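# Summary of structural features
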Amino acid sequence: MQKTLMRIPYTGPLPAPYIIPRNANTPTGAIAALSKFLTAPPAPALQDHRGCDTRSTVILSGAGISVASGLADYRGTNGTYRQNKTYRPIYYHEFLANHEARKRYWARSFLGWTNLHKAKPNAAHYAIKDLGDIGIVRSVVTQNVDSFHSIAHPDLPTLELHGYLRALICVTCGNDLPREAFQESLTKLNPAWAAFLAEAIASGALDTENPEERRSKGMKTNPDGDADLPGAPYSTFRYPACPHCLANPLISADGTQTNVEVDKEGAWKPTSNAGVLKPAVVMFGESIPGKVKEAAEQAIDGSGRLLVLGTSLATYSAWRLARRAKERGMPIAIVNLGGVRGEEAFFQELAVGQQGEAGVRVEMKTDKLLPGLVEQLRRTGHDASNPVDDQHTNSGVFKDMLS
Ligand SMILES: [Zn+2]
């Protein structure tokens, strides 16, 4: 039987990393080590693995890679868990069960969306596009819900392990709705909140990419695109019902008619028993869909190396992918500020004197490091003009997800 995977936050402290190889503590040393890592001959353990492109790399990314886009991460210096000690994400079961919890969630999300919607991919995302063009990176698995990977490199397959904020899904009928249209509905249903948001925009709190400045202007956001507004009267917030369920109420599995009631302006009423919209993210406490879990495993199994970027692997669903890579004998490189969950196990048994070909651990910002790495690879002849064998094409990656 397949075990389900639940998204659970892990907030425990993590030990500081050992830099591998030792000279990878400068940008030059780090770039040299990562160049060796990405271009080394395939790991011997993988030679017999059928259907695996042993020369290719799969990237596993997290919130750290989006910090340079102005989004907070969880554990960094300006991370949500450090800056806001009372921060606790909403859990899936609360969202489903509790109208009041949903009001609070959508009020905060309403304010945070403008920020997220204006934010753009950064140099790290575009360097990953280049690594795809060069033929080195085959696919990306991300824990991020900001869609920056697919914006920056639409042709390099990206699997969004925890879903995405760009759309909503109805928990009753499963239809989706673009977030932009939903935001317009929220604006219409909540004029006082819309005025507050307009004020926050006017104060410049949303103009800066600097989280410090944003906070000084009264705006707090976390990686789930959620703004923090202590003391706001969440109970006044209204949100719309699923338009499909409202127009055509479904018969539920037990044969009863679902009931969706709205007020005269279209806000969902708690007398309803259906038609609740949720963000298309895997919420905390929610299980990752089986086909997403399998596609992530296929992405690991289809590649010869794993490059971990901007994540402490604190979420079990991400950590187990790295463990899977380790168990397959894939070399692993990690670029992250701060410690990574269980990282010493990923670098056990590295040969003394290896220069990065078997493993790399770097503590640097991805947006500063990756563009230089691309430049170095191009200088040394790893560019798109080189013949790329058939296995490097992306057509087969995540085909299950596209069907
Ligand atoms: Zn619906």
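Since the model is a prediction, treat every value here as computed from it, not as a measurement.

### A look at the overall build of the protein chain
For the protein chain, the count of helices and strands is 15 helices and 11 strands. Considering only residue pairs separated by 6 or more positions, the protein chain has 76% of its internal contacts joining residues 24 or more positions apart.

### Concerning the nonpolar core
Within soluble globular proteins, side chains that are nonpolar generally end up buried alongside one another. One finds Ile 128, Leu 306, Val 308 and Ala 322 to be the most contacted residues of the largest nonpolar core, which totals 89 residues. When residues in this core are grouped by element, the largest group, 7 residues, is from helix α4 (residues 99-118). Each of domain 1 (22-67 + 122-162 + 288-386) and domain 2 (78-120 + 165-281) gives at least three residues to this core.

### With respect to the sheet that holds strand β11 (residues 359-362)
Pairing is parallel across the open sheet formed by 6 strands, whose spatial order is β3-β2-β1-β9-β10-β11. With partners counted over all chains shown, the strands left at the sheet margins are β3 (158-160) and β11, one partner each. For this sheet, the mean inter-axis angle between neighbouring strands, taken without regard to orientation, is 15 degrees. Across 3 bridges, the pairing between strand β2 (residues 137-142) and β3 is parallel. In the strand pairing of β3, Thr 142 is matched with Glu 160.

### Regarding the UniProt feature "binding site: Zn(2+)" (unreviewed entry) in the protein chain
In the numbering used here, UniProt assigns the "binding site: Zn(2+)" (unreviewed entry) feature to Cys 170, Cys 173, Cys 242 and Cys 245. For the annotated residues, spread through 76 residues, the largest C-alpha to C-alpha distance comes to 8.6 Å, consistent with a single compact locus. Here Cys 242 falls in the buried class, since 26 other C-beta atoms lie within 10 Å of it. With residues up to four places along the chain from it excluded, the contact list for Cys 242 reads Cys 170, Thr 172, Cys 173, Asn 175, Gly 275 and Leu 277. Structurally, Cys 245 is set in helix α10 (residues 243-247). The exposure class of Cys 245 is buried, given the 23 C-beta atoms found within 10 Å. Excluding anything up to four places from it in sequence, Cys 245 contacts Cys 170, Thr 172, Cys 173, Leu 250, Thr 258, Val 260, Ala 274 and Gly 275.

### Digging into the UniProt feature "active site" (unreviewed entry) in the protein chain
Within the UniProt annotation, "active site" (unreviewed entry) is assigned to His 162. Along the chain, His 162 falls in the loop between β3 and β4 (163-170). His 162 has contacts with Arg 7, Gln 143, Val 145, Val 281 and Val 282, leaving out every residue within four places of it along the chain.

How each quantity is defined
- Residues numbered from 1 in each chain as written.
- Predicted model: local features only at pLDDT ≥ 70, side-chain atom pairs only at ≥ 80, totals over all residues.
- Helix = DSSP H or I, 4+ residues; strand = E, 2+ residues; numbered from the N terminus.
- Contact = placed C-beta atoms within 7 Å.
- Core = buried A, V, L, I, M, F, W, Y, C linked by C-beta atoms within 7 Å.
- Buried ≥ 20, exposed ≤ 12 C-beta atoms within 10 Å, placed from the backbone.
- Domains from an automatic or database assignment.
- Pairing = 2+ DSSP bridges.
- Axes fitted to C-alpha atoms, helices over the stretch in contact; angles between N-to-C directions.
- UniProt positions renumbered as here; feature names shortened; annotations may be inferred.

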